[in-house]
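Letter by letter, the chains look like this.
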Amino acid sequence: MAESPITPGSKDFAAWYQDVVLQGDLAEPAEIVKGCMVIKPNGYAIWEILQRELDTRFKALGHQNVYFPLLIPESFLKREAEHVEGFAPELAVVTIAGGKKLEEPYVIRPTSETIVGHFFAKWIQSWRDLPVLVNQWANVVRWELRTRMFLRTTEFLWQEGHTAHSNHQEAIEEVLRILDVYAEVAEDIMAMPVIKGVKTRAEKFAGALRSYSIEAMMRNGLALQAGTSHDLGQNFGKAFDVKFQSKEGQLDYVWQTSWGVSTRLIGGLVMSHSDDKGLVLPPKLAPVKAVIVPIYRKEEEKGPVLEAAHRIAKEVGAKVDEREGQTPGAKFFHWERRGVPVVMELGPRDLASGNIVLKRRDTGVKEIVPQANVAARLAEVLDAMQKDLFNAAKERMKSNTLVANSLAEVEEILSDVTAEKGGGKFVMAHIKDDPICDARLKEFKATIRNIPLVDEYDGGGKCIVTGEDVDRRVVVAKSY
RNA sequence: CGGGGCGUGGCUCAGCUUGGUAGAGCGCCUGGUUCGGGACCAGGAGGUCGGAGGUUCGAAUCCUCUCGCCCCGACCA
């Protein structure tokens, strides 16, 4: 693809984001299909790594993968009142198939709780059948009015876990266990710090009893909901008649959960670490961890340089960029904007000295390393970079988190914030989980991101909207 | 869906006001010289101007409709 300049993030954050995604060769707008994108090899490879990290964790916890139909009878959506209300505006519906108008239209799944509920009812009769722990990797469609690559597209890829349990306690444990998995992958693999918490009742998933989320802070200070885990209670069990007979012989509805993360994570990744030079990938998620750029002037230098480059590349698991007709400088820029964690330079000088030059993507620091030590040193550098990226993101989140003790304070901090200009903050304030409070914040386009599970502040206080007692501060921010 | 901006070789854009049948830079191809942070020279390929309709002798340019993209708002993983 053509390599163009990247708009500085300080000038226009939204344009910067778009440029980084494009220049990093992660994806491009589909253009011919409204609101959709094409995920390119460099982007899909990251998704595959995320899939692997998540999938192995799900399986270790006893979940199995399944696949449900893309099309769901329209009537299914209507069985759970809140659910249909929440999703109706963004449904794509199939009304004609095989040249004939369908008697009952199908909706393209926006999420699968309903069709899963239908089958759970067939699969579950006894307490012995529980728990049911399944997950599917799938695409879903939600007709959003405004889209941004990875962050919100009409069609997106995700995983959706669906489980059924014999009691509420067990379901809640499942919900929190998965929230931990999400937080672990976000922090340890993506180097993206998150806050685990409960969504307010106003912000919960349509049809859930309670929703839990992990919230991350992007470079512009906006919040990104990076994953959700829902306690569905018995709502879908009742809607789809999913009953089981307990040990004691009683009939009861199952307690269900559902949880998901999507390709949105890639958007979060971009907005957590990348800079004005382009993409920055944490080593654990980088499809290519290191590239060797061979340098030679004369034809007689080429052979020995390439030979050494391939020998070292094989030893350390790097890729050699031996494209002809490109100067080393052009290659450095190429890999830099694609986010490769370490680029190595190897030329006649290094051959003579027995060294090689290593350059870290995040800091831009170059170091000269004896070729004999390069494997060990590369591993150290990648490890350090992974940790440093996390710490830098954590520090940024910390320094952009403020405590406020009145609504006016919250409004003053957040009122001027936009995705383009940046300057976003997380504001910790005492606010009650009451739709009145959510509505009040919405007046200046802020939301309660979540009520943290762990209170790292000063405990209880008076709600800054209603004056009632609440037991901890909540995270208020503007978000994607 | 409301407001704003925009669709012209692969990319970024000029041309449109004052209609006459398409340009630049970058990229691409070939050859040569280069090569430690975006190389240079020479030659070459590539578009009928988002799409449809209309006005006209003639439309990238004017009119109507339509599709899509970006930004702002309402909705959201």
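The model shown is predicted, which means the values in this text are computed figures rather than measured ones.

## Comments concerning the pattern of salt bridges
- Taken as a whole and judged by the stated rule, the model has 33 salt bridges.
- With a closest N to O distance of 2.8 Å, Glu 215 and Lys 199 form a salt bridge. Of this pair, Glu 215 sits in strand β10 (residues 210–217) while Lys 199 is found in the loop between β9 (194–198) and β10, placing the two residues 16 residues apart along the sequence.
- Given the relative accessible area of 2%, Lys 199 is considered buried.
- Lys 331 is the partner of Asp 321 in a salt bridge, and the nearest nitrogen-oxygen pair spans 3.9 Å. Taken together, the residues Asp 321 in the loop between β16 (319–320) and α10 (328–337) and Lys 331 in helix α10 connect sequence positions ten residues apart.
- Given the relative accessible area of 2%, Asp 321 is considered buried.
- Taking the relative accessible area as the measure of exposure, Lys 331 reaches 3% and is therefore buried.
- Linked through salt bridges whose partners overlap, the residues forming this network are Asp 25, Glu 28, Lys 40 and Arg 338.

## Some thoughts on the domain arrangement of chain A
- Segmenting chain A into domains produces domain 1 (13–64 + 113–273), domain 2 (283–384) and domain 3 (401–477).
- One C-alpha centre belongs to domain 1, the other to domain 3, and the line joining them spans 25 Å.
- Taken together, the contact between domain 1 and domain 3 spans 26 residues of the former and 22 residues of the latter.
- Taken together, the two surfaces of domain 1 and domain 3 that pack against each other cover about 1800 Å², and 59% of this comes from carbon and sulfur.
- When residues of domain 1 are sorted by the area they lose upon contact with domain 3, Ile 195, Thr 200 and Met 217 head the list and together hold 25% of the total.
- Here Arg 201 ties to Asp 433 by a salt bridge, and the two come within 3.4 Å at their closest N and O atoms.
- Inspection of the region where domain 1 meets domain 3 yields eleven residue pairs in polar contact (both at pLDDT 80 or more).
- Looking at the side of domain 1 that touches domain 3, the elements with two or more residues in it are α1 (13–23), α6 (168–189), β9, β10 and β11 (223–233).
- It is β10 that provides the largest number of residues to the side of domain 1 that touches domain 3, a total of six residues.

## Focus: the packing of α1 against helix α8 (residues 264–273)
- Where α1 meets α8, the closest approach of the two axes is 11 Å, and the angle between their N-to-C directions is 110 degrees. It follows from the interaxial angle that α1 and α8 lie roughly perpendicular. Crossing of α1 against α8: the hand is right-handed. Contact residues: Phe 13, Trp 16, Tyr 17, Val 20 and Val 21 in α1; Gly 267, Val 270 and Met 271 in α8.
- Tallied by class, the residues present in the contact of α1 with α8 amount to seven nonpolar, one polar and no charged.

## Section: the packing of aromatic side chains
- Evaluation of the coordinates by the stated rule reveals eleven aromatic pairs.
- Seen from their ring centres, Trp 47 and Trp 137 are 5.8 Å apart, and the 75 degrees between their planes marks the pair as edge-to-face. Taken together, the positions of Trp 47 in helix α2 (residues 41–60) and Trp 137 in strand β7 (residues 132–141) put the pair 90 residues apart, joining distant regions of the chain. Here Trp 47 matches Trp 137 in class, with each residue buried.

## Some thoughts on the protein's contact with RNA strand B
- In the vicinity of RNA strand B lie 45 residues, with Arg 146, Arg 152, Lys 359, Glu 420 and Lys 442 positioned nearest.
- Atoms of RNA strand B within 4 Å of the protein belong to the sugar or the phosphate in 48% of instances, the rest to bases.
- Residue Glu 345 places a side-chain N or O atom 3.3 Å away from a base nitrogen belonging to RNA strand B.
- Arg 349 is positioned with one of its backbone polar atoms (N or O) 2.5 Å from a base oxygen of RNA strand B.
- A per-element tally of the surface near RNA strand B places α10 first, with seven residues.

## Some points on the environment of Ser 274
- Looking at the element boundaries, Ser 274 is found in the loop between α8 and β15 (290–294).
- Exposure remark for Ser 274: the relative accessible area of 0% places this residue in the buried category.
- With 237 residues separating them in the primary sequence, Ser 274 and Met 37 have C-alpha atoms 20 Å apart.
- Non-local contacts of Ser 274, meaning those with residues more than four positions away in its chain, are made with Trp 16, Val 20, Arg 219, Leu 279 and Val 280.

## Concerning the layout of surface pockets
- The space that makes up the second largest pocket amounts to roughly 400 Å³.
- Taken together, 14 residues form the lining of the second largest pocket, with Val 194, Ile 195, Lys 394, Met 397 and Glu 456 sitting closest to its centre.
- Secondary structure elements with two or more residues in the lining of the second largest pocket: β9 and α12 (374–399).
- Taken together, the residues that form the lining of the second largest pocket break down as eight nonpolar, one polar and five charged.
- Here the lining of the second largest pocket spans two domains, since at least three of its residues come from each of domain 1 (13–64 + 113–273) and domain 3 (401–477).

## A few points about helix α13 (residues 407–414)
- The set of residues buried in α13 consists of Leu 407, Val 410 and Leu 414. On an axial view of α13, the arc spanned by its buried residues comes to 60 degrees, and they lie on one face. The exposed residues of α13 that point more than 90 degrees off its buried face are Ala 408 and Glu 412.
- Packed against the buried residues of α13 are β21 (426–429), α14 (435–442) and β25 (474–477).

Reading guide: rules and limits
Residues numbered from 1 in each chain as written. Chains lettered and ligands numbered in written order. Predicted model: local features only at pLDDT ≥ 70, side-chain atom pairs only at ≥ 80, totals over all residues. Heavy atoms only, no water. Salt bridge = Lys/Arg side-chain N within 4 Å of Asp/Glu carboxyl O. Helix = DSSP H or I, 4+ residues; strand = E, 2+ residues; numbered from the N terminus. Buried < 20%, exposed > 50% of the residue type's maximum accessible area, 1.4 Å probe, protein only. Domains from an automatic or database assignment. Contact = heavy atoms within 4.5 Å. Buried area = accessible area lost by both parts, 1.4 Å probe. Polar contact = N/O pair within 3.5 Å; in protein donor to acceptor, adjacent residues only side chain to side chain. Axes fitted to C-alpha atoms, helices over the stretch in contact; angles between N-to-C directions. Parallel < 35°, antiparallel > 145°, perpendicular 65-115°, else oblique. Left-handed = near helix turned anticlockwise from the far one by under 90°. Nonpolar A, V, L, I, M, F, W, Y, C, P; charged D, E, K, R; others polar. Phe/Tyr/Trp six-rings, centres within 6.5 Å; stacked < 30°, edge-to-face > 60°. Near = heavy atom within 4 Å. 1 Å grid on protein atoms, 1.4 Å probe; cavity = no way out; pocket = protein on both sides within 12 Å on 5 of 7 lines; lining within 4 Å. Points joined across faces, edges and corners; volume = space filled by probe spheres on them. Arc of directions from axis to C-beta.

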